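Results of the structural survey
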Amino acid sequence: MSSPTSDVLVIGGGVAGLTLALEVADHLSVTLVRPALDDQGASRWAQGGIAAVLSPDDDLDAHVRDTLIAGDGLCDEEAVRFTVTHGPDAIQWLIDNGVPFTPDPDPSARYPYHLTREGGHNARRIIHADDATGRAVVDTLYEKVTSHPNIIQRSDLTILHLISDATGRCIGAEGVDQQQHRQTLLAKHIVLATGGASGLYRHTTTPSPSSGEGMVMAAELGAKLMNLEFQQFHPTCLFDPEGPAFLISEAVRGEGGHLLNEAGHRFMPDIDSRAELAPRDVVARAIDSQIQQSSQGHVWLDISHLGAAAIRHHFPTILAHCASRGIDITRQPIPVVPAAHYSCGGVATDQRGATHVTNLYAVGELAYTGLHGANRMASNSLLECLVYARSCAKHLLTQEKRAQTRPVAPKETLSDTPDTMPLLGQQWSSTSLEALAAIRSELRATMSQHVSIVRSNQGLTIAHHKLNELETQLNDILNDSLDGVADSSKSGSNNAFEDTAGKRSHPESVRLQQALWLAKLTVLAALQRHESRGLHYSIDWPKHQENTAASEMSLDQLAPGTMA
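Just so you know, these numbers come straight off a predicted model, no measurement behind them.

**Side note on the side chain of Ser-198**
By the element assignment, Ser-198 lies in the loop between β9 (182-192) and α6 (213-220). Discounting residues that sit within four places of it in the chain, Ser-198 has contacts with Thr-204, Pro-209, Ser-210, Gln-231, Ala-340, His-341, Tyr-342, Ser-343 and Glu-365.

Dropping the structure here:
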């Protein structure tokens, strides 16, 4: 079987994965698994910018304080201070690498690049590249990755599981190529950077969001999952049921945009003294409430009062995209709705990105670092990607220096020997694949209806039962599709549910099972939180608990009899 080997295996090619690969590649060999769909993921579509203390008029303690307030009592203050303190250096690293941040046109400005303000921040500290920061950062870093001689890219693979040895150390990953042949990648260090879990929901802010597959792959080896119940819904996604997802950046409100209800009334000042600049959970719930009271299915975001020149200067991407959808934002308000945007929970890590599994690291949105607590503050996410990826890289370089081992050259050739087994994809009928798509659609509808902005015990219980039904349907499809087909799975599978691992042969069935497991753990975490805090709002538990903590989940909690 093909076993390309390198010092570091990075799975995921958003900002976190690209940053880590570049930071270690001068000294270690890197294999970067970056499927084409990564260009449709969260990093590239991040519009607003990156939060950091850059202006002489700002200070680190203020950024820490704003983050703690937004996190609603669940932030790890040490993680917050670590992130904020390392923020300026991370931004300088991007500048040094050529990211084209927007200059400040004011010759008297105290910082050379334009800084904007977003929800939860009490100062202008968001550095940006017009209104397409994620695209600018990804494109710049990707160009450097592509030209680096010590980084081998694999865009042809879908990773399905991680691999561990007899001691429990993570030693690599297993996936399939475009011909559905099983491929194994081995490395000294494995880094997950696969993104969050917004894909569990029907409406999202990116075209092809992940559904937490990386979280489950880590959990299969024993990694802890924390704060899964805290899913952030961006308050303002373009409302267009017939068109693709498109985020309307927080910066639109930061520059003075007004939210209006069906009657044209600006409603946020009635709800919070910070008005449109209140934290995202507050704004999203307010919008959701207005939508429930109206018949149009959305609210309006109006920036026409800023003037056409200012709009063209600050928001060229949003202006062009809305124009392509028939909306002139210099004259018309934008129809917006909340949409699943960011997972505050994920795989528990320390400040080096290390998980509870030896040799396995996690960076980016799939990681739970303690920074965000119960609610992520605007533009702290790309900051977290950069800071923790660079910290993880520094740790890996230190580990290699201590080990005093020579780098292992990555192997680019693939094996075409007979033992590179096809994964039975050809055995699946179009009817079975359509049934998988239907289950995924039902999963997203269930999560959107019962596990979103406003929750209840009744709704969460309904979701739990529905997800169990969907898993039963999946098992029935698998049994029907593979009836009489020899099991092609290898012995020693790391799948947490080994009795069915061999049968989940089609990549979509594996990923769908992972999504179902993560959805069920999210529901369980929400049911166990008997309070409302940050992004988790329950009508049955509307107040804070005095003593609260981050939730911890594992796949063991899905064993039969462990959930009511």
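**Looking at the packing of aromatic side chains**
Applying the stated criterion across every chain, the model contains 4 aromatic pairs. Judged by centre distance (6.2 Å) and plane angle (75°), the rings of Phe-101 and Tyr-113 are edge-to-face. In this pair, Phe-101 is assigned in the loop between α4 (77-96) and β4 (115-116) and Tyr-113 in the loop between α4 and β4, connecting sequence segments 12 residues apart. Between the aromatic rings of Tyr-111 and Tyr-113, the centroid separation amounts to 6.0 Å while the plane-to-plane angle is 55°, which identifies the pairing as tilted.

**Things to note about the confidence of the model for the protein**
Predicted coordinates in regions of low pLDDT should not be interpreted in detail. For the protein, per-residue confidence averages 88 on the pLDDT scale, and residues scoring 70 or more make up 88% of the total. Scored below 50 in pLDDT, residues 409-421 makes 29 contacts in the model with residues more than four places away or belonging to other chains. Predicted confidence for residues 484-504 stays below pLDDT 50, and this span has 40 contacts to residues more than four positions away or in other chains.

**Observations regarding the sheet that holds strand β5 (residues 126-127)**
Across the sheet, 3 strands lie side by side as β3-β5-β4; this open sheet has antiparallel pairing. Two strands lie at the open edges of the sheet, namely β3 (50-51) and β4, each paired on one side alone. The pairing of β4 with β5 spans 2 bridges and is antiparallel. Within β5, the residue paired with Thr-116 across the bridge is Ile-126.

**Examining the sheet that holds strand β12 (residues 258-260)**
In space, the 4 strands of this open sheet follow the order β11-β14-β13-β12, with antiparallel pairing throughout. If you trace the sheet from one side to the other, it starts and ends with β11 (231-238) and β12, each paired once. For this sheet, the mean angle separating the axes of adjacent strands, direction not counted, is 45°. Inspection of the sheet shows strand β13 (residues 299-302) paired to strand β14 (residues 334-343) by 3 bridges, in the antiparallel sense. Counted as the bridge partner of Val-299 is Val-336 from β14.

**Topic: unusual backbone geometry**
The phi dihedral of Ala-275 falls on the positive side, at around 50°, and the residue is not glycine. Its place among the elements puts Ala-275 in the loop between α8 (268-271) and α9 (280-292). In this structure, Ser-379 takes a positive phi of about 65° despite not being glycine. With respect to the element layout, Ser-379 can be found in the loop between β17 (367-368) and α12 (380-403). Its relative accessible area of 5% is what places Ser-379 among the buried residues.

The rules behind the values
- Residues numbered from 1 in each chain as written.
- Predicted model: local features only at pLDDT ≥ 70, side-chain atom pairs only at ≥ 80, totals over all residues.
- Heavy atoms only, no water.
- Helix = DSSP H or I, 4+ residues; strand = E, 2+ residues; numbered from the N terminus.
- Contact = heavy atoms within 4.5 Å.
- Phe/Tyr/Trp six-rings, centres within 6.5 Å; stacked < 30°, edge-to-face > 60°.
- pLDDT = per-residue confidence, 0-100.
- Pairing = 2+ DSSP bridges.
- Axes fitted to C-alpha atoms, helices over the stretch in contact; angles between N-to-C directions.
- Buried < 20%, exposed > 50% of the residue type's maximum accessible area, 1.4 Å probe, protein only.

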